[in-house]
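What follows is each chain in one-letter form.
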Amino acid sequence: MKAHDATPLSDYIEYSQEEMKRRAASFYDDIKRRHSIRSFSERPVPKEIIEHCIKAAGTAPNGANHQPWHFVAIHSADVKKKVREQAELHEQGFYSGRAGEEWLDALKPLGTDAQKPYLETAPWLIAIFSQKKGGITPGEKQQNYYVHESVGIATGFLITALHHAGLVTLTHTPKPMSFLSKICERPDDERPYMLLIAGYPAENATVPAHARQKKSLDEICTFL
Ligand code: IYR
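Thresholds applied
- Residues numbered from 1 in each chain as written.
- Predicted model: local features only at pLDDT ≥ 70, side-chain atom pairs only at ≥ 80, totals over all residues.
- Heavy atoms only, no water.
- Helix = DSSP H or I, 4+ residues; strand = E, 2+ residues; numbered from the N terminus.
- Contact = heavy atoms within 4.5 Å.
- Areas by Shrake-Rupley, 256 points an atom, 1.4 Å probe, with all protein chains shown as cover.
- Lys, Arg positive; Asp, Glu negative; His and termini not counted.
- Charge placed at Lys NZ, Arg CZ, Asp CG, Glu CD.
- Near = heavy atom within 4 Å.
- Polar contact = N/O pair within 3.5 Å; in protein donor to acceptor, adjacent residues only side chain to side chain.
- Nonpolar A, V, L, I, M, F, W, Y, C, P; charged D, E, K, R; others polar.
- Expected span 1.5 Å × (residues − 1).
- Buried < 20%, exposed > 50% of the residue type's maximum accessible area, 1.4 Å probe, protein only.
- Core = buried A, V, L, I, M, F, W, Y, C linked by side-chain atoms within 4.5 Å.
- Salt bridge = Lys/Arg side-chain N within 4 Å of Asp/Glu carboxyl O.
- Axes fitted to C-alpha atoms, helices over the stretch in contact; angles between N-to-C directions.
- Left-handed = near helix turned anticlockwise from the far one by under 90°.
- Pairing = 2+ DSSP bridges.

Visitor: Explain the overall build of the protein chain to me, and be specific about the residues and the numbers.
Guide: From N to C terminus, the protein chain includes nine helices and six strands. Projected onto the principal axes, the alpha-carbon positions of the protein chain cover approximately 55 × 45 × 40 Å. Long-range pairs, those at least 24 residues apart, make up 80% of the contacts in the protein chain with a sequence separation of at least 6. Total accessible area on the protein chain stands at roughly 14800 Å², and carbon and sulfur atoms take up 54% of it. Distance from the positive charge centre (28 side chains) to the negative charge centre (28 side chains) of the protein chain: 2 Å.

Visitor: Talk me through the site of the ligand; I want residue IDs and the actual numbers.
Guide: Around the ligand, the neighbouring residues are Glu91, Phe94, Tyr95, Trp103, Leu107, Leu110, Thr112, Asp113, Lys116, His172 and Thr173. Here an oxygen atom of the ligand sits 2.5 Å away from a polar atom, N or O, in the side chain of lysine 116. One of the side-chain N or O atoms of histidine 172 is found 3.2 Å from an oxygen atom in the ligand. Protein chains bury 71% of the 380 Å² of accessible surface belonging to the ligand in isolation. Among the secondary structure elements, those contributing two or more residues to the shell around the ligand are α3 (77–98) and α4 (101–107). If you tally residues by element for the shell around the ligand, the top one is α3, at three residues. In the shell around the ligand, the residues fall into five nonpolar, three polar and three charged.

Visitor: Pulling in residues and values, what's your account of helix α6 (residues 147–165)?
Guide: Taking 1.5 Å per residue, 19 residues should reach 27 Å; α6 reaches 27 Å between its end C-alpha atoms and fits that length. Regarding α6, the residues found buried are Val147, Ser150, Val151, Ala154, Thr155, Leu158, Ile159, Ala161, Leu162 and His163. Close packing links the buried residues of α6 with α1 (17–31), α2 (47–57), β1 (69–74), β2 (124–131), β5 (168–172) and β6 (190–199). Directly after α6, the chain includes glycine 166, whose backbone phi takes a positive value near 110°.

Visitor: So what's going on with the nonpolar core? Residues and values would help.
Guide: Judged by nonpolar contacts, the single largest core of 23 residues is most densely connected at Ile50, Phe71, Ile126, Ile128, Leu158, Leu162 and Leu196. Broken down by secondary-structure element, the contributors of at least two residues to this core are α2, β1, β2, α6 and β6. Considering each element in turn, this core owes the most residues, seven residues, to α6. What isoleucine 50 contacts, discounting residues up to four positions off in sequence, is Val45, Ala73, Trp124, Ile126, Leu162 and Leu167. With 22 residues, the next largest nonpolar core counts Ala87, Val168, Cys184 and Leu195 among its residues.

Visitor: Describe the pattern of salt bridges, and please don't skip the residues or the numbers.
Guide: For the structure on display, the rule yields eleven salt bridges. Across the salt bridge formed by lysine 32 and aspartate 29, the nearest N and O atoms sit 3.2 Å from each other. What makes lysine 32 partly exposed here is its relative accessible area of 45%. According to the relative accessible area criterion, aspartate 29 is partly exposed, its value standing at 41%. Arginine 84 is the salt-bridge partner of glutamate 88, the closest N and O atoms lying 3.0 Å from each other.

Visitor: Just give me the short version of the environment of lysine 47, but keep the residues and values in it.
Guide: Locating lysine 47 in the fold gives a position in helix α2. Sequence-wise, lysine 47 and tryptophan 124 are 77 residues apart; in three dimensions their C-alpha atoms are separated by 8.9 Å.

Visitor: Describe in detail the packing of α2 against α6, supporting the description with residues and values.
Guide: Each pair of packed helices gets described by two things: the angle between the helix axes and the distance between those axes. Their axes nearest at 8 Å, the elements α2 and α6 cross at an angle of 145°. For the pair α2 and α6, the crossing hand works out as right-handed. The residues of α6 that touch α2, namely those facing Ile49, Ile50, Cys53, Ile54, Ala56 and Ala57, are Ala154, Phe157, Leu158, Ala161, Leu162 and Ala165. When the residues that make up the contact of α2 with α6 are grouped by side-chain class, the tally is twelve nonpolar, no polar and no charged.

Visitor: Which residues make up the sheet that holds β1, and what values do they have?
Guide: As summarised here, the arrangement of the four strands in space is β1-β2-β6-β5, forming an open sheet in which the pairing is antiparallel. Looking at the sheet topology across the chains shown, the edges are occupied by β1 and β5. Across the sheet, the mean angle from the axis of one strand to that of its neighbour is 25°, orientation sign disregarded. Pairing analysis gives six bridges linking β1 to β2, with the strands arranged antiparallel. By the bridge assignment, valine 72 is partnered in β2 with alanine 127. Sitting on the sheet, α3 touches β1, β2, β5 and β6, and the angle it makes with β1 is about 110°. With respect to the sheet, α6 is in contact with β1, β2, β5 and β6, its orientation differing from that of β6 by roughly 10°.

Don't take any of this as a statement about function, it's just geometry.
As structure tokens, then:
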């Protein structure tokens with residue numbers, strides 16, 4: 001059993017309640033400008049920005065601090081082409097029947113289809129992998145805990161960090177996603193969790209009216 005050891009919380013910043021109210025409101029005003037975008041510009045985005053956003057994702061709370069995630073940041077045109085080919089192949093099956101009528105009906109207001117040109121246009125694709133086994137030290141093969149929750153939170157941090165930096169994103173979860181493990185050369189004990197597309201929006205980028213409808217606070221929250 002490893003010993004418990006701790007240092008003082010030295011980086012906490014306390015704000016006045018007025019300042020907290022301002023910050024809370026201003027964060028909401030900013031994050032509500034985040035939209036899933038399906039039309040990306042080819043404009044390059046420096047690697048350093050992506051590095052910082054991934055570092056931010058890596059600070060997410062997670063099970064036993066095993067940090068059960070791996071991010072593959074894809075910039076190579078060759079690799080992006082492979083991802084697009086495979087993703088579109090799967091999406092064609094999905095849209096031509098595999099999804100079922102109810103699912104396809106739910107997607108209609110978003111206007112999505114099997115064509116995913118942004119997988120090549122966008123400067124960065126970030127493939128996120130979850131690790132069932134690991135630990136805090138590289139090479140460890142301990143049990144990981146709350147893997148799905150941990151990687152989900154890290155992905156949320158990543159999306160927020162990319163938005164904060166001034167980029168737009170799209171979460172993409174082609175089914176099955178196993179082709180990502182192959183293309184990204186990830187080991188068998190890692191599972192692809194999600195593919196994030198990141199970059200500048202195309203000049204003609206739009207947001208579906210359906211996506212702008214957000215539930216009210218009353219609908220999503222109960223105070224007791
Ligand atoms: N992965 C498909 C389908 C899709 C599914 C859901 I749920 C969405 O919110 C959006 C799309 C695609 O990317 O087209």
